[in-house]
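Observations on the three-dimensional arrangement
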Amino acid sequence: MLLRAAVRFGHRPWYRLPSLRSVSTLRKIDPSPNAPREVPTPLLFIASPQWAGSLRAEQLFAEILPIVWKQGYTALLLDIDIGDEVRPRKALDRMESEMMSMLRNPTKEVGMIPFPPALIAYGPMCPVAEKYASSWPLTALQLIDPPLSMKRASIRYPKLLGPKPLPEFTFEPKFPARVVWTYDEFMYQGEQKDFWLEKHRIEFFREEQHWGELQRYTFASLEEIGEDTVIWLEEDAGVAQPGSSSTEAPESSGRPARRGTVPAGTVPEWFSKGNYVWAKNNSRKMPILLDPDHLSERFNRGSGPGGQAINKLSIKVDLMHEPTGVRVTSQASRSRELNRLNARRILSQRLEWMIKREWDSTPLSKDRASVPSVLQSKWDKERKKKQNKRKKQRKKSIDSTT
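Structural notes, computed from the coordinates. Residue indices begin from 1 for each chain and proceed along its sequence in written order. pLDDT decides what is reported in this predicted model: residues at 70 or higher carry local features, side-chain atom pairs at 80 or more are listed and counted, and totals for whole chains, interfaces and linings draw on all residues regardless. The side-chain figures draw on all heavy atoms in the structure; neither hydrogens nor water molecules are used.

**A look at the environment of Val68**
So the rule is basically this: Here a strand is any run of E in DSSP of at least two residues, a helix any run of H or I of at least four, and the numbering for each starts at the N terminus. For every residue, the accessible area (1.4 Å probe, protein chains only) is compared with the maximum for its type, and the residue is labelled buried under 20%, exposed over 50%, or partly exposed between those bounds. A contact between two residues is defined here by any heavy atoms of the two lying within 4.5 Å.
Mapped onto the secondary structure, Val68 falls in helix H3 (residues 65-70). What makes Val68 buried here is its relative accessible area of 1%. A sequence separation of 37 residues divides Val68 from Pro31, and the C-alpha atoms of the two residues are 7.8 Å apart. In this structure Val68 touches Leu43, Phe45, Tyr73 and Val230, once residues within four positions along its chain are discounted.

**Comments concerning the side chain of Glu185**
Selection criterion: Counting of polar contacts relies on pairs of N or O atoms within 3.5 Å, with two restrictions inside protein: one atom must be capable of donating a hydrogen and the other of accepting it, and residues adjacent in sequence are counted only when both atoms are side-chain atoms.
In this fold, Glu185 is placed in helix H8 (residues 183-190). A polar side-chain atom of Glu185 sits 2.8 Å from a polar atom in the side chain of Arg156. When neighbours within four sequence positions are excluded, Glu185 is seen to be in contact with Asp145 and Arg156.

**Quick notes on helix H10 (residues 222-235)**
Structural remark: α-helix, 3.6 residues per turn; residues separated by three or four positions point the same way. Basically, it comes down to this: The length a helix should cover is 1.5 Å for every residue beyond the first.
For H10, with 14 residues, the first-to-last C-alpha span of 20 Å sits near the 20 Å given by 1.5 Å per residue. Most of H10 is tucked away: 13 of the 14 residues are buried.

**Considering the environment of Arg298**
With respect to the element layout, Arg298 can be found in strand S10 (residues 295-300). A C-alpha to C-alpha distance of 5.9 Å links Arg298 and Val317, two positions 19 residues apart in sequence.

**With respect to the pairing of strand S2 (residues 43-47)**
Let me state the cut-off plainly: At least two DSSP bridges between two strands are needed for those strands to be called paired.
Most of S2 is tucked away: five of the five residues are buried. Neither face of S2 is left uncovered, since the one carrying Leu43, Phe45 and Ala47 and the one carrying Leu44 and Ile46 both have all their residues buried. Summarising the sheet, S2 and strand S3 (residues 75-79) pair through five bridges and their orientation is parallel. The residue of S3 that forms the bridge with Leu43 is Ala75. Where S2 and strand S4 (residues 118-122) come together, three bridges link them in parallel fashion.

**A word on the sheet that holds strand S6 (residues 177-182)**
Just so we agree on the cut-off: Where helices are involved, their axes are fitted lines through C-alpha atoms of the stretch in contact, as for all axes, and angles between N-to-C directions lie from 0 to 180°.
With mixed pairing, the seven strands of this open sheet are ordered in space as S1-S3-S2-S4-S5-S6-S7. Looking at the sheet topology across the chains shown, the edges are occupied by strand S1 (25-29) and strand S7 (217-219). Taken pair by pair, the neighbouring strands of this sheet meet at an average axis angle of 20 degrees, ignoring direction.

**Points about the nonpolar core**
Side chains of nonpolar character tend, in soluble globular proteins, to be buried together. In plain terms, the rule: The criterion is simple. A nonpolar core is a set of buried Ala, Val, Leu, Ile, Met, Phe, Trp, Tyr and Cys residues joined through side-chain atoms within 4.5 Å.
Core analysis: the biggest nonpolar cluster contains 41 residues, and Ile46 and Leu141 have the highest contact counts within it. The element that contributes the greatest number of residues to this core is helix H4 (residues 88-104), accounting for six residues. Residue contacts for Leu141: discarding those within four places in its chain leaves Leu119, Ala129, Ala133, Phe175, Pro176, Ala177, Arg178, Ile202 and Trp232. Core analysis: the next-biggest nonpolar cluster, separate from the first, contains 27 residues, Leu43, Ala47, Ile120 and Leu233 among them.

**Concerning the sheet that holds S10**
The strand order across the open sheet formed by three strands is S10-S11-S12, and the pairing between neighbours is antiparallel. Of all the strands in the sheet, just S10 and strand S12 (326-330) have a single pairing partner and so form its edges. Averaged over all adjacent pairs, the angle separating strand axes in this sheet is 15 degrees, with direction ignored. Examined bridge by bridge, strand S11 (residues 316-321) and S12 share five bridges and lie antiparallel to one another.

**Observations regarding the packing of aromatic side chains**
Test applied: Here a Phe, Tyr or Trp ring, Trp counted by its six-membered ring, pairs with any other such ring whose centre lies within 6.5 Å, and the pair is stacked when the planes are under 30 degrees apart, edge-to-face when over 60, and tilted otherwise.
Inspection of every chain in the model, using the stated rule, returns eight aromatic pairs. Measuring from centroid to centroid gives 6.4 Å for Tyr132 and Trp136, while their planes differ by 25 degrees, and the two rings are stacked. On the basis of relative accessible area, Tyr132 is assigned to the buried category, the value being 6%. When the ring of Phe271 is compared with that of Trp278, the centres are 5.5 Å apart and the planes differ by 35 degrees; the resulting orientation is tilted.

These figures come from the coordinates and say nothing about function on their own.
Laid out in structure tokens, this is it:
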């Protein structure tokens, strides 16, 4: 009867009518009252029921939220609802507009947002985050398991971002930005054609900043990503700088800021079964001698400055550790052999850090397997240098006002 009445009065049937006004929600989670300090910059987590398998932001980031909550961060959970009948080419525009509207006109429960947020997106929502970041200010941007390009996004998510590829983003981030990967997504991407010849735009910018060395961030779970996110926001993005709130955070002793779960000296199964040896004399260049049978190596043409020796010769080394899936690249030199050696050094240091970060403690012993990892010592040194620099800047600003 309703369908006949609609046709009789000249209306289109219900299944062709435009979708009703969507209802997006923005919710705020205040930091823990027992946190060491309260960070003024909020963290914005975005999700969409149409794009995240009916998961809301609170469910999608369930492993990360408790970590940032304990560290004094305010979490903004934005669930974007634009209906089911929006075409992919218009979906990004609609979502960007919805994000801008919700952040500029928050509810009374959320209150005004004092600083541009640090935006965190996951999976197919990463292009939405990039769309917003191309036009609106952010303090930082972190993408978890993003499509490497809009072309790949149209293949991976044809109903959301396809079937034809959308235009690629061209903006250059003026704020700290990075891409992180879970091991499962990393292994899936590694099986795709030319994955290691292609990189995300943000990874490309970071590679240029590190003189052609791209070390991808890979983690076993979202929980580990959450722990490393806090460190990245404080060290690289400068979100929680000392003196930004009434209570300063205590200095951390290493990265990642978590307590291990196995006794010191324990090695994984692949280490004990393979031909691995701790280096003699606590070598910092290559702390672990690698098993050649567990390595997979490819040679590709390099990119960036360097002339024909870089761009026309296959001197770039892509090295993978098969038991863990950790991959590194090296094109620092114009010599393939030097790049092979450098890639093995980077991989050795990465594996050493992965082993020792699981230890319950690092005993002060002369045993070569018990000293802090090379990367751990490097991060501690960089952190201390940045803390001293901030102290000098804060003292200088105080002196200038007096």
